[in-house]
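Analysis of the macromolecular model
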Amino acid sequence: MHDPLTGIPSGQYVPGTRATPRSVPRTPRSVHRMDTAPSAQSVTTSPAVGNRRRVATAAALASAVEWYDYFVFGIAAALVLGDLYFPSGSATAGVLASFATFAVGFLARPIGGIVAGHLGDKRGRKPMLVLALTLMGVSTTAIGLLPTYDTIGVAAPILLVLLRVAQGVAVGAQWGGAMLLATEYAPEGKRGVYGSVVQLGVPIGVVTANTVFLLAGALTTDSAFAAWGWRVPFLVGLLVLGLAWYIHTRVEETPAFREAERALAEKEKSEQNSPLRTILRGHLGTVFLAGGSFAVNTATFYILITGVLDYTTRELDMKKGPVLLVSLCVSLTQLVLIPAAAALSDRVGRIRIYAFGAVGIALWAVPLFLLIDTGSLLWLAVGTFVASCFLSIMYGPQAALFAELFTPEMRYTGASLGYQIAAVAGGGLAPFMMVLLLEATGTSMAVSGYIVVLSVIALVSIKILADRARGAAAQSAPEAKAEAETQAESAG
């Protein structure tokens, strides 16, 4: 058996992880030692199987509808928003403006992560998830109803930016809540698999968003699509409000939070009463390492689903329908690859699987754009499929990995911050950076270089996290052995 975080034999373990004896005290680690923390469920009772399944299903649906709402903006930004809300004499300038608005949502995501993380660690995972779903549903629907520049002038792009900020806050708050609902209900040894159901929300969101846009384009003329057809995918966002109500009324709070809440109640004046302060004072290094390890994944993902859509249709003169169909089909493969990678990480360790995916992305960055530049739909599909495989290998274990970096009383805050830092550094800027690099250099190899640089940052971050885990394992083994001997003597 191997430790789920590091993949090292279970005889050498990180304190508090699944391989840790329950007798070892569960105390937060200091930065100089190891800022990772318990990965095991610190609960004394096992939730019923039916309840686990209901919670996992609700978390997966919450993730899927949130990402659907978030992704429809990215597709619309690549296809129509530039002309409708940022009119100018240059097509490139309009696309840059719409992608800049797309990026604003990412800049707002850490705000959602910080606020919901802090309150989620103090008040519960479920209330913050319900609030995030409600905010996303309202803001997405409002975008679908928003008048264009021709109708209300400069107020149109201003309101569009504000609504995109609201979307960013919502998705920043959502990920941590959905991820923790799933992982903190997970049975022993299956945290990776349960965490992956939340990760499946991303490809489901992409598939659904692309499908709705394909249908809207197929059922309308080009002029009708530009006039009103593009609004239909946004109006579907109303359905998310029903899911928010279901989670509010039918899903219970996680056992891990309930136990952490009891522990915090006994420390009224302790620093632990402020999860954000605890993270900033003692675990900020882990937050930035988590973000650095994942930025390449988010950047490459958004390059594939939005940047490539703009590049192939505007620069390579490919039809938007077939390109969207390729993106849809590639995303379907992630529904299999993500849980498979997560399940493997439960057996051999998160970091090993995670690092393998990062290496693959780095090696495939150049062939990816060489294939795309052929202008062939077949080679576009091959290039994006292989890239998607490596993204899935990283994405599968990521939820469990981030959850295992922090103790329950600060897990929502820490995991959300790490994820949203990656989203800003990688995903939010990626389509914008892609257009700038293409315009500045005239070659897609500049985009490949951008991906390679982020891959190197990811691998360095992963290496530091792995070294910390091994160091903590080596330091803690004698402590656990002494504790076990003391218990044996007491029993005797």
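Residues numbered from 1 in each chain as written. Predicted model: local features only at pLDDT ≥ 70, side-chain atom pairs only at ≥ 80, totals over all residues. Heavy atoms only, no water.

Below, the discussion takes up helix 14 (residues 320–348). Between the first and last C-alpha of helix 14 there are 41 Å, a value that for 29 residues agrees with the 42 Å anticipated at 1.5 Å per step. The sharpest bend along helix 14 reaches about 30° and sits at Leu335, with the proline Pro339 one to four residues further on. Following helix 14 by one or two positions, Gly349 has its phi on the positive side, about 115°. (Helix = DSSP H or I, 4+ residues; strand = E, 2+ residues; numbered from the N terminus. Expected span 1.5 Å × (residues − 1). Bend = angle between axes of the 7 residues up to and from the residue.)

Another point: a nonpolar patch on the surface. A cluster of nonpolar side chains, namely Tyr149, Ile152, Val154, Ile158, Leu159 and Leu162, defines an oily patch on the protein surface of about 520 Å² accessible area. Among the secondary structure elements, those contributing two or more residues to the nonpolar patch are helix 4 (149–152) and helix 5 (155–183). The element contributing the most residues to the nonpolar patch is helix 5, with three residues. Of note, Leu159 is situated in helix 5. The class of Leu159 is partly exposed, set by a relative accessible area of 36%. (Patch = residues over 30% accessible without salt bridge, like charges linked within 9 Å, V, L, I, M, F, W, Y side chains within 5 Å. Areas by Shrake-Rupley, 256 points an atom, 1.4 Å probe, with all protein chains shown as cover. Salt bridge = Lys/Arg side-chain N within 4 Å of Asp/Glu carboxyl O. Buried < 20%, exposed > 50% of the residue type's maximum accessible area, 1.4 Å probe, protein only.)

A word on the confidence of the model for the protein. The share of residues in the protein with pLDDT of 70 or more is 79%, and the mean pLDDT across the chain is 77. Taken element by element, the protein is modelled with least confidence in helix 11 (residues 255–265), mean pLDDT 56, and with most confidence in helix 15 (residues 350–372), mean pLDDT 94. Across residues 8–45, where pLDDT falls below 50, the model places 112 contacts with residues more than four positions away in sequence or in other chains. Segment residues 268–272: pLDDT under 50, and eight contacts once partners within four positions in sequence are set aside and those in other chains are kept. (pLDDT = per-residue confidence, 0-100. Contact = heavy atoms within 4.5 Å.)

A few words on the environment of Glu188. Looking at the secondary structure, you find Glu188 in the loop between helix 5 and helix 6 (191–199). Separated by 158 residues in the primary sequence, Glu188 and Asp346 place their C-alpha atoms 10.0 Å from one another.

This part covers the packing of helix 13 (residues 284–315) against helix 14. As a packed pair, helix 13 and helix 14 sit with axes 10 Å apart at the nearest point and diverge in direction by 155°. The orientation of helix 13 with respect to helix 14, classified from their angle, is roughly antiparallel. The way helix 13 lies across helix 14 gives a crossing that is right-handed. Counted together, Ile305, Leu309, Thr312 and Thr313 of helix 13 and Lys320, Val323, Leu324 and Ser327 of helix 14 form the full contact between these two elements. (Axes fitted to C-alpha atoms, helices over the stretch in contact; angles between N-to-C directions. Parallel < 35°, antiparallel > 145°, perpendicular 65-115°, else oblique. Left-handed = near helix turned anticlockwise from the far one by under 90°.)

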